[in-house]
Amino acid sequence: MIVLVALVGLTALAAAGMVMTETELRASQNQEAGTTAFYVADAGLQQYLGTRLEATTTDTFTYASGSAIVEGEKVLDLPNDRVLYRIRSTSTYTPPEGGTASRTVSRLALYSAGPVTATASFASGSGLLKNGGTGTISGIDQATSGDPGCPNSPAATVAGVAVPPGGYVQNGGTLVPEGLPDVYEAPSSLELLQATGVPWNKIVNQGMLAPDYTVPPDSWPNFDTLPADEWPVIYVKNSIELNPDNSGRGTVIVRNNLTLDGSFEWDGMVLVGGYLTSNGYQTVSGATITGLNELIGETTPSSDLGNGNKKFHYDSCKLTYASKAAFGGLSEVPGSWFERWQ
């Protein structure tokens, strides 16, 4: 009887041990599945923030451990074309041993179209020279209404030219710039350039941008092969001369000097650290800013448009598209990260 009782007791202990081991193993598997789902959900959230300009879509991101469904929801419209979004990422993981684990993470993100503000169709921190009365330098918005990408177009008229005191010099002919005012003289070069919002020091010295093309070593993009809705950012390390074959759209950032030849055409932003020289009959629709090296303590000669029928037009839509691609997008709101178990 004693042996039988002992055997029964040992059997009960062994069974209890097996049950406890199975329970702990299952708990460990559940914890591992939940952790995997969490990492997938968080990865989806981060990829969405890093690859989307606006949180207006629902996207699925697939990884080796599973997929995350990420959706954006508008919370609030803010001044200066900013929008507050809540972005939610959900991942459901099914481990090999069965069952499912689901995790949801979210955070607030602020959309901005970028810091660049068009104070004029052509703003130069070092002054602007123009020969003759032909050509157009217009601060009247050329954008048309009805474009879903810039619903507030056309925007208010800006200055035709913005320069430091006495910075616009025209030899002969009637005044070319038109806008409100035709020629705006800022108190100083620094105040003029700071008003544009271009973060020049961060661009050239702190690696703020990740350009689509850096010239050199990259070649100039072939716009015939690019999608029509792509507005690339091109950073030129030194100086460059552009001709009609280089026509396109997006943002051109030139560290030093820019020369335009022939019938070169550009839609978007042209940002030049040094001076711009125009030879021929160019058309730039968007906004042009030169002399930006003045912001980092470098002295820059005046830009020179020379003779001819140049066309520098303010276009708020094209500026918006270029600014979004170069400087805009989503930024995380600190302290807004939140997780919800499912």
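Above: the structure in question.
Nothing here was measured: the structure is a model prediction, and the numbers come from that model. (Residues numbered from 1 in each chain as written. Predicted model: local features only at pLDDT ≥ 70, side-chain atom pairs only at ≥ 80, totals over all residues. Heavy atoms only, no water.)

### A look at the overall build of the chain
Logical step 1: In terms of helices and strands, the chain carries 4 helices and 23 strands.
Logical step 2: Projected onto the principal axes, the alpha-carbon positions of the chain cover approximately 125 × 40 × 40 Å.
Logical step 3: Counting only residues that meet the buried cut, the chain has 44% of its 342 residues in that class.
Logical step 4: Sequence separation of at least 24 residues holds for 56% of the intrachain contacts in the chain that already meet a minimum separation of 6.
Logical step 5: Split by element, the accessible area of the chain, about 16500 Å² in all, is 54% carbon and sulfur.
Logical step 6: Measuring between centres, the 18 positive side-chain charges of the chain sit 4 Å from its 33 negative side-chain charges. (Helix = DSSP H or I, 4+ residues; strand = E, 2+ residues; numbered from the N terminus. Buried < 20%, exposed > 50% of the residue type's maximum accessible area, 1.4 Å probe, protein only. Contact = heavy atoms within 4.5 Å. Areas by Shrake-Rupley, 256 points an atom, 1.4 Å probe, with all protein chains shown as cover. Lys, Arg positive; Asp, Glu negative; His and termini not counted. Charge placed at Lys NZ, Arg CZ, Asp CG, Glu CD.)

### Side note on the nonpolar core
Logical step 1: Grouped together as the largest cluster of nonpolar side chains are 29 residues, with contacts concentrated most on Ile-203 and Leu-271.
Logical step 2: Of all the elements in the fold, those that place two or more residues in this core are strand S5 (120–124), strand S8 (159–163), helix H2 (189–196), helix H3 (200–205), strand S13 (233–236), strand S17 (265–272), strand S19 (283–290) and helix H4 (316–327).
Logical step 3: Sorting elements by how many residues they give to this core places H4 first, with 4 residues.
Logical step 4: In contact with Leu-271, other than residues within four places in its own chain, are Val-198, Trp-200, Thr-251, Val-252, Ile-253, Val-254, Ile-289, Leu-292 and Phe-327.
Logical step 5: Ranked by size, the runner-up nonpolar core spans 28 residues in total, among them Phe-122, Val-161, Leu-258 and Leu-305. (Core = buried A, V, L, I, M, F, W, Y, C linked by side-chain atoms within 4.5 Å.)

### As for the environment of Glu-294
Logical step 1: Relative to the helices and strands, Glu-294 resides in the loop between S19 and strand S20 (303–304).
Logical step 2: Sequence separation of Glu-294 and Asn-246 is 48 residues, and the distance between their C-alpha atoms is 27 Å.
Logical step 3: When residues no more than four places from it in sequence are discounted, the contact partners of Glu-294 are Gly-125, Ser-126, Leu-190, Leu-193, Thr-299 and Thr-300.

### A few points about H2
Logical step 1: Among all positions in H2, only Ser-189, Leu-192, Leu-193 and Thr-196 are buried. Taken down its axis, H2 places every buried residue within 90° of arc, on the same side.
Logical step 2: On its buried face, H2 sits against S5, S8 and S19.
Logical step 3: Within two residues after H2, Gly-197 carries a phi angle of roughly 80°, on the positive side. (Arc of directions from axis to C-beta.)

### Here's the deal with a nonpolar patch on the surface
Logical step 1: A cluster of nonpolar side chains, contributed by Met-1, Val-3, Leu-4, Leu-7 and Leu-10, occupies part of the molecular surface with about 580 Å² of accessible area.
Logical step 2: Residue position: Val-3 is located in helix H1 (residues 2–51). (Patch = residues over 30% accessible without salt bridge, like charges linked within 9 Å, V, L, I, M, F, W, Y side chains within 5 Å. Salt bridge = Lys/Arg side-chain N within 4 Å of Asp/Glu carboxyl O.)

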